[in-house]
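Now for the letters of each chain:
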Amino acid sequence: MGTTKFIFAGAAVITMLASSALADDMTGMVTRIDRLNGTISIQQTQKGTVGASAGGAQEYKTKDAAMLDAVHAGDRVTYSATDTNGTGTLTKLQKQ
């Protein structure tokens, strides 16, 4: 029983850390826009360490279609997102 509680507590901490990491302002480059589905893919810009790779592009849903009209593929952006049921949703998107 003690091990099960420990595992669940660890999973809760990881979930909280992952969702709080998405809440901060991030920078990146728009790689793809799908206006029909209301999604956008953004390649996050790596901060800090020189030569570190940022990984692949992350796809986000948007709260409204007007967010997608302000940007194009290749634009550098500042954005904030939340994680809702495993799906990233943009809360802020601003062209740099």
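Residues numbered from 1 in each chain as written. Predicted model: local features only at pLDDT ≥ 70, side-chain atom pairs only at ≥ 80, totals over all residues. Heavy atoms only, no water.

Student: What exactly am I supposed to notice about the sheet that holds strand β4 (residues 76-84) here?
Tutor: The mixed closed barrel is built from five strands, whose spatial order is β1-β2-β3-β5-β4. Adjacent strand axes in the sheet meet at a mean angle of 55° when their direction is disregarded. Note: strand β2 (residues 39-44) against strand β3 (residues 58-62), four bridges, orientation antiparallel. Residue threonine 39 lies in a different strand from β3, and its bridge partner there is lysine 61. (Pairing = 2+ DSSP bridges. Helix = DSSP H or I, 4+ residues; strand = E, 2+ residues; numbered from the N terminus. Axes fitted to C-alpha atoms, helices over the stretch in contact; angles between N-to-C directions.)

Student: When you look at the confidence of the model for the protein in this model, what are you seeing that I'm missing?
Tutor: With 67% of its residues at a pLDDT of 70 or more, the protein shows a mean pLDDT of 79. Of all the helices and strands in the protein, helix α1 (residues 2-23) carries the lowest mean pLDDT, 57, while strand β1 (residues 26-34) carries the highest, 94. (pLDDT = per-residue confidence, 0-100.)

Student: Sorry, what's going on with the nonpolar core here?
Tutor: In summary, soluble globular proteins display a tendency toward joint burial of nonpolar side chains. Counting 14 residues, the largest nonpolar core has Ile40, Ile42, Tyr60, Tyr79, Leu90 and Leu93 as the members making the most contacts within it. Of all the secondary-structure elements, those providing two or more residues to this core are β1, β2, α2 (66-69), β4 and β5 (87-95). Those residues within four positions of isoleucine 42 in sequence are excluded, and the remaining contacts are Gly28, Met29, Val30, Thr31, Ala57, Gln58, Tyr60, Val77, Tyr79, Leu90 and Leu93. (Core = buried A, V, L, I, M, F, W, Y, C linked by side-chain atoms within 4.5 Å. Buried < 20%, exposed > 50% of the residue type's maximum accessible area, 1.4 Å probe, protein only. Contact = heavy atoms within 4.5 Å.)

Student: Would you take a moment to explain the pattern of salt bridges for this structure?
Tutor: A side chain of one charge can pair with a side chain of the opposite charge when the charged atoms of the two come close. Within this structure, the stated rule accounts for five salt bridges. Between arginine 32 and glutamate 59 there is a salt bridge, with its nearest N and O atoms 2.5 Å apart. Linking arginine 32 in strand β1 with glutamate 59 in strand β3, this pair joins segments that are 27 residues apart in sequence. The partner of aspartate 69 in a salt bridge is arginine 35, with the nearest N and O atoms 3.5 Å apart. (Salt bridge = Lys/Arg side-chain N within 4 Å of Asp/Glu carboxyl O.)

Student: Help me out: how do you make sense of the pairing of β3 in this one?
Tutor: Sheet faces and side chains relate simply in a regular strand, where the side chains alternate between the two faces. With two bridges connecting them, β3 and β5 associate as parallel partners. Bridged to threonine 62 within β5 is leucine 90.

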